[in-house]
Amino acid sequence: MKNIIDFFKVIVKYDRTLVPVLFCDILFGALQPFPKIVLSKIIFDYLVEDNSLQQFLYVISLLILSDVAIQYIFHLFDQWVEIKGQWLMFQLGYKMNRKTMDIEYEMLLDSKILEKRELGLKVVSGSNFIDMIRSIRSIVSNVIVVIGVALIVMQMGIYVLIPVVLCIAFNAWHNSKVKKVQYQCSVEAVPSQRRRDYLNSVCSDFSFVKEICINDCSELIDKKYSKLSKACYSFIKKMIVKQSRGFRMGDITGGVQDIIIYSVLGVKILIQRAISIGDFSMYFNAVTNFRTSVLKIMYDFADLRMNSLNVGHFIDYMNLEDKNKGEKRIDNKTEFVIEFSHVYFQYPGSENYVLEDICCQFRNDEKIMVVGANGAGKTTFIHLLLRLYRPTKGEILLNDVNINEYNYDDYLTMFSSVFQDYKTFAFSCLENITFGKKENTERIREVIQLIGLEEKMESLPEKMGTIVSKLYDENGTEFSGGEKQKMAIARALYKDSKVVIMDEPTAALDPLAEYELYKQLIFLMEGRLSFFISHRLASGKFCERILVFSDGTIKEDGSHAELMNLQGLYAEMYSRQAEFYERGS
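About the cut-offs
- Residues numbered from 1 in each chain as written.
- Predicted model: local features only at pLDDT ≥ 70, side-chain atom pairs only at ≥ 80, totals over all residues.
- Heavy atoms only, no water.
- Patch = residues over 30% accessible without salt bridge, like charges linked within 9 Å, V, L, I, M, F, W, Y side chains within 5 Å.
- Areas by Shrake-Rupley, 256 points an atom, 1.4 Å probe, with all protein chains shown as cover.
- Salt bridge = Lys/Arg side-chain N within 4 Å of Asp/Glu carboxyl O.
- Helix = DSSP H or I, 4+ residues; strand = E, 2+ residues; numbered from the N terminus.
- Pairing = 2+ DSSP bridges.
- Core = buried A, V, L, I, M, F, W, Y, C linked by side-chain atoms within 4.5 Å.
- Buried < 20%, exposed > 50% of the residue type's maximum accessible area, 1.4 Å probe, protein only.
- Contact = heavy atoms within 4.5 Å.
- Axes fitted to C-alpha atoms, helices over the stretch in contact; angles between N-to-C directions.

Draft legend 1. Structural context of a nonpolar patch on the surface. On the surface, a cluster of nonpolar side chains totalling about 290 Å² of accessible area is made up of Phe23, Leu27 and Leu31. Here Leu27 is to be found in helix H2 (residues 18-31).

So, in structure tokens, the structure goes:
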């Protein structure tokens with residue numbers, strides 16, 4: 001019931017007009033069987049009795065017209081409910097994706113939340129919401145039908161309904177068990193389905209095709225997919241077998257019920273002479289509608305229960321509390337200090353710390369190089385700074401205030417970044433740089449010129465309006481890896497933020513192009529706090545300060561000259577890399 005109440009809250013929140021439309025649909029749906037029930041009695045009674053043809057045609061026409069009118073109006077509202085329901089599905093699908101973008105990034109590392117998201121996605125990509133609307137509509141309509149039909153049948157005796165109620169009760173109990181098994185199977189199948197969907201996405205993602213072809217790993221993927229498909233198939237098979245068993249049981253009990261009702265009514269008309277042929281037809285139709293409606297209620301209620309459980313996962317996911325909000329506003333002061341105070345971090349479910357006892361301060365105008373071996377904690381350090389993760393212990397301060405106390409969106413305006421796994425979107429070049437922000441033509445021209453994209457942009461058919469990639473638009477243009485990386489850097493520079501983070505910003509560039517770009521970047525970063533994560537240590541000469549990460553801690557902290565004189569880890573790494581380049585030349 002809580003899920004159903006929450007479900008209606010969702011409907012009211014996104015489309016208030018759906019509720020009155022649904023009410024009218026229910027009302028006219030409930031009226032549907034009554035003209036036919038009454039019509040059968042009148043037809044038979046008029047045929048047996050000596051009545052005028054004119055009166056017969058008048059009554060029949062009136063009932064048929066009322067039946068047609070009710071059916072017509074019902075289907076109009078039914079159509080409206082379906083259309084509005086589909087629109088609601090579009091809305092909710094988008095809202096769920098927006099929720100994924102808005103919640104705390106660290107929460108998406110939790111497998112339980114990922115599975116809750118997967119179950120929620122099944123709701124908005126499938127038909128659970130629409131099915132819940134249909135079930136609620138059907139249940140309420142059929143409850144009204146049952147009440148009306150029961151009043152008709154009670155004129156002959158309530159005992160007629162006893163065998164019907166017993167058959168229905170048995171069917172309802174059996175159907176409830178079937179639905180429970182189906183729901184359990186659908187939940188248990190989620191991990192296998194999620195992994196299978198991942199493999200499907202790998203096979204359909206162009207960025208994986210090259211790796212699959214070159215390394216000939218299609219056989220490995222085939223084996224994994226086959227194993228997961230068999231697991232998913234076993235769950236589906238179990239659900240279908242249970243469902244078919246329920247249908248067969250319903251057919252048997254329905255036949256038993258019809259024999260009993262025909263027998264009772266036969267005694268009434270043939271032996272007791274208590275009812276007319278018209279009454280026989282009306283009562284039989286009434287009892288049949290009673291059975292059909294109650295069965296519909298039971299089946300719909302079982303469906304409603306299962307769908308509401310699935311919808312509950314969607315609602316739970318949408319109601320996840322985002323701990324990353326914060327309320328404090330950030331002032332516009334030019335000078336600021338960011339401090340890591342005894343920061344420790346471990347991933348959810350892990351026993352080991354990725355970062356341990358990180359203590360350091362950064363001023364608003366420093367140029368900092370972050371270096372270290374893979375897995376040393378460099379990227380995690382940056383993710384903590386961006387509030388993608390929260391420290392397990394310790395705190396990060398901005399002007400002596402914990403960064404989590406600041407409004408999250410406000411805090412992020414301070415940062416622009418380019419990561420190793422940067423993305424370009426199948427939007428125009430202009431949109432890829434401005435991301436929908438206010439366009440400053442002079443600033444855009446300056447950025448693309450400094451980054452070395454001016455010549456490329458001028459050569460494009462639609463200039464800055466050219467779509468990146470042909471995936472979205474057949475008239476789009478494919479860009480090289482280096483050009484895409486420059487576009488990502490241009491995007492970070494255009495944002496004009498106080499802190500700039502460059503995580504391997506030159507990985508797709510050759511050493512000479514990297515050297516020239518770093519010179520330009522250092523010039524552009526003047527007056528800003530800048531972090532450069534790089535494996536090419538020669539770039540450290542451009543920075544005032546270098547942080548050397550190793551085994552989750554900052555082993556060394558100083559300028560290039562200071563660290564070379566220290567003859568420690570940085571000097572060893574730098575010498576090895578220099579020796580490698582000398583050998584290569």
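Draft legend 2. A look at the pairing of strand S4 (residues 393-398). Across five bridges, the pairing between strand S1 (residues 337-345) and S4 is antiparallel. For Glu339, the partnering residue across the bridge sits in S4 and is Leu397. As paired strands, S4 and strand S5 (residues 401-402) are joined by two bridges and run antiparallel to one another. The residue bridging Leu398 from the neighbouring strand is Val401, located in S5. With antiparallel pairing between neighbouring strands as the criterion, S4 and S5 make up a hairpin whose turn holds two residues, including Asn399 at a positive phi of roughly 50°.

Draft legend 3. Up close: the nonpolar core. Judged by nonpolar contacts, the single largest core of 48 residues is most densely connected at Phe7, Leu92, Phe129, Ile133, Val311 and Phe314. Every element with two or more residues in this core is listed here: helix H1 (2-14), H2, helix H4 (53-102), helix H5 (111-125), helix H6 (128-153) and helix H11 (277-318). Residue contributions to this core peak at 12 residues, all from H11. Each residue touching Phe7, except ones within four places of it in the same chain, is listed here: Phe129, Met132, Ile133, Ile136, Val311 and Ile315.

Draft legend 4. Summary view of the sheet that holds strand S3 (residues 367-372). Within the open sheet, the six strands sit side by side as S6-S7-S8-S3-S9-S10. Their pairing is mixed. Strands at the two margins of the open sheet, each flanked by one partner only, are strand S6 (415-418) and strand S10 (553-558). Within the sheet, the average angular offset between the axes of one strand and its neighbour, ignoring direction, is 15°. Where S3 meets strand S9 (residues 545-550), five bridges bridge the pair, whose relative direction is parallel. Residue pairing across strands places Met369 opposite Ile546, the latter belonging to S9. Seen against the sheet, helix H17 (residues 481-495) touches S6 and strand S7 (499-503) and runs at an angle of roughly 170° to S6.

Draft legend 5. Examining the pattern of salt bridges more closely. For the structure shown, the criterion picks out seven salt bridges. The shortest N-O distance in the salt bridge between Glu366 and Arg545 comes to 3.3 Å. You can see Glu366 sitting in the loop between strand S2 (355-363) and S3 and its partner Arg545 sitting in strand S9, a full 179 residues away along the chain. The pair formed by Glu366 and Arg545 is uniform in burial state, with each residue classed as buried. For the salt bridge of Arg443 with Glu446, the shortest nitrogen-to-oxygen distance reads 3.6 Å. Of this pair, Arg443 and Glu446 both sit in helix H15 (residues 441-451), separated by three residues, roughly a single helical turn. For Arg443, a relative accessible area of 18% translates into the label buried. Of the residues examined, Glu446 reaches a relative accessible area of 36% and is grouped as partly exposed. Overlapping salt bridges, with partners in common, bring together Arg363, Asp365, Glu366, Arg545 and Asp557 in one network.

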